[in-house]
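Remarks on the overall topology
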Amino acid sequence: MRVGCRVDGVCVNNISYADDMVLLGPTARSVEEMLKVCADYAASHGLRYNIKKCEYIVFKAAGNNLKQFPEITLNGMNIKKLTSFKYLGHYVTDVLKDNADIERERRALAVRGQQAGVLKGDWAGHVCRMPDESWAKATTEWIPNNLSTEY
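Remember, predicted model here, so these are calculated numbers, not experimental data.

A few words on the confidence of the model for the protein. Here the protein averages 78 in pLDDT, while 74% of its residues score no lower than 70. At the level of individual helices and strands, the protein shows its lowest average pLDDT in helix 3 (residues 134-140), which scores 59, and its highest in helix 1 (residues 28-44), which scores 89.

Written out as structure tokens, the structure is:
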């Protein structure tokens, strides 16, 4: 299939990970053509798409003043149009800005900084109770090994 978007001269029409799939097309017609291929494949293998989990986004390219965009359907049912969504942990917006991702990372960094402060306070209390001069080595080699990096 030669339908898709050109990225560095390569035709890219889908990005898939596990049971998540993103179809990329330059027009509504091209996306519907790819959806028909997907629907036909699913039907021939006894599978169904959950229309409630299907969504689409139209990117607002520079100079494109598209006021109305045709509805996109799958098996005769309309797919919900979005202006942003989260895919594999990252926000994708119709205006191609990454402000939401930057804000998410900023908050995660603030939380990790607060956790490190608490850990260092706990550790300092422990060092104060150490005998003799063993605290000297500990104070120069502190590393927060219990710090979680999940967000």
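The full count for this structure, using the stated rule, is six salt bridges. With its nearest N and O atoms 3.2 Å apart, the salt bridge here joins E103 to R107. With a gap of four residues between them, E103 and R107 both fall in helix 2 (residues 99-128), about one helical turn apart. By relative accessible area, E103 is classed as partly exposed at 28%. For R107, a relative accessible area of 52% puts it in the exposed group. Connected through salt bridges with shared partners, the residues D101, R104 and E105 form a single ionic network.

For the rest of this paragraph, the subject is the pairing of strand 4 (residues 20-23). Both faces of the sheet carry side chains from a regular strand, because those side chains alternate between them. Pairing between strand 3 (residues 14-17) and strand 4: four bridges, direction antiparallel. In the strand pairing of strand 4, I15 is matched with V22. Count of turn residues in the strand 3/strand 4 antiparallel hairpin: two residues, of which A18 carries a positive phi of about 55°.

For helix 1, which comprises 17 residues, the first-to-last C-alpha distance of 24 Å matches the rise-based estimate of 24 Å (1.5 Å per residue) to within 8%. What helix 1 keeps buried is the set A28, S30, V31, M34, L35, C38, A39 and A42. The inward-facing, buried residues of helix 1 contact strand 4 and strand 6 (73-74). Positive phi appears at G46, one or two residues downstream of helix 1, with a value of about 70°.

A separate point is the pairing of strand 9 (residues 84-87). Relative to strand 10 (residues 90-93), strand 9 runs antiparallel, the two sharing four bridges. Residue pairing across strands places K86 opposite Y91, the latter belonging to strand 10. In this antiparallel pair of consecutive strands, strand 9 and strand 10, the connection spans two residues, and L88 shows a positive phi of 50°.

Our next topic: the environment of N14. Following the sequence through the fold, N14 ends up in strand 3. On a C-alpha basis, the gap between N14 and L24 in space is 5.7 Å, while along the polypeptide they are 10 residues apart. With residues up to four places along the chain from it excluded, the contact list for N14 reads V22 and L23. Side chain to side chain, N14 and N13 meet in a polar contact 3.0 Å long.

Quick look at the side chain of D94 now. The residue D94 is located in the loop between strand 10 and helix 2 in this model. Beyond its immediate chain neighbours, meaning those up to four positions away, D94 contacts I57, V58, F59, K60 and T83.

What follows covers the state of the cysteines. This model, assessed by the stated rule, comprises zero disulfides. This cysteine, C11, is not joined by any disulfide, and C5 carries the nearest cysteine sulfur, 7.9 Å off. With no disulfide of its own, C38 lies closest to C54 among cysteine sulfurs, the gap being 9.6 Å.

What counts and what doesn't
- Residues numbered from 1 in each chain as written.
- Predicted model: local features only at pLDDT ≥ 70, side-chain atom pairs only at ≥ 80, totals over all residues.
- Heavy atoms only, no water.
- pLDDT = per-residue confidence, 0-100.
- Helix = DSSP H or I, 4+ residues; strand = E, 2+ residues; numbered from the N terminus.
- Salt bridge = Lys/Arg side-chain N within 4 Å of Asp/Glu carboxyl O.
- Buried < 20%, exposed > 50% of the residue type's maximum accessible area, 1.4 Å probe, protein only.
- Pairing = 2+ DSSP bridges.
- Expected span 1.5 Å × (residues − 1).
- Contact = heavy atoms within 4.5 Å.
- Polar contact = N/O pair within 3.5 Å; in protein donor to acceptor, adjacent residues only side chain to side chain.
- Disulfide = S-S within 2.5 Å.

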